[in-house]
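Report on the structure
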Amino acid sequence: MAVIALLAETAADLMNRNPVSLDEETEAAEAARVLTSRGIGAAIVVDAAGRPVGVVTQTDLLIHA
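Before going into details, it helps to say that this report is about the structure given with it. Small disclaimer: the values here were computed from a predicted structure and weren't measured. The residue count restarts for each chain, going from 1 along the sequence in the order it is written. Only residues with pLDDT of 70 or above have their local features reported here, since the model is predicted, and side-chain atom pairs are shown and tallied only from 80 upward, although totals for entire chains, interfaces and linings are computed over all residues. Excluded from the side-chain calculation are hydrogens and water; included are all heavy atoms of the structure.

1. Some details on the nonpolar core
For the record, the criterion: The criterion is simple. A nonpolar core is a set of buried Ala, Val, Leu, Ile, Met, Phe, Trp, Tyr and Cys residues joined through side-chain atoms within 4.5 Å. Only protein chains enter the accessibility calculation, which uses a 1.4 Å probe. A residue is then buried if its area is under 20% of the maximum for its type, exposed if over 50%, and partly exposed in between. By definition, any uninterrupted DSSP run of H or I lasting at least four residues is a helix, any uninterrupted run of E lasting at least two residues is a strand, and each is numbered from the N terminus. Residue contacts are defined here by distance: any two heavy atoms, one from each residue, within 4.5 Å place the two residues in contact.
Counting residues in each nonpolar core, the largest one holds 9 residues, listed as V20, L22, A31, V34, L35, A43, V45, V56 and L61. Within the residue set of this core, elements represented by two or more residues are α2 (28–38) and β2 (42–46). If you tally residues by element for this core, the top one is α2, at 3 residues. Residues within four places of L22 in sequence aside, it is in contact with A31, V34, A43, I44, V45, V46 and V56.

What follows is the structure, encoded as structure tokens:
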């Protein structure tokens, strides 16, 4: 059995300091294009005021495709 050691101690050690965000009105096809073109698995979804309201993932897009 392999032992996996996590090198990070906190969420801050793991986070991306420049996350990609999508407007909540972004169409699913465009969200898929953005995730694919940037090679990322998820993006923050923001409202008109720029406040985070959720996250969209590649899995979300696949399930609803």
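That shown, we press on.
2. Here we look at the side chain of D47
Worth spelling out the cut-off: Polar contact is the term for a pair of N or O atoms within 3.5 Å; when the atoms are in protein, one must be able to donate a hydrogen and the other to accept it, and sequence-neighboring residues count only if both atoms are side-chain atoms.
Within the secondary structure, D47 sits in the loop between β2 and β3 (52–57). A polar side-chain atom of D47 sits 2.9 Å from the main-chain amide nitrogen of R51. In this structure D47 touches E24 and V53, once residues within four positions along its chain are discounted.

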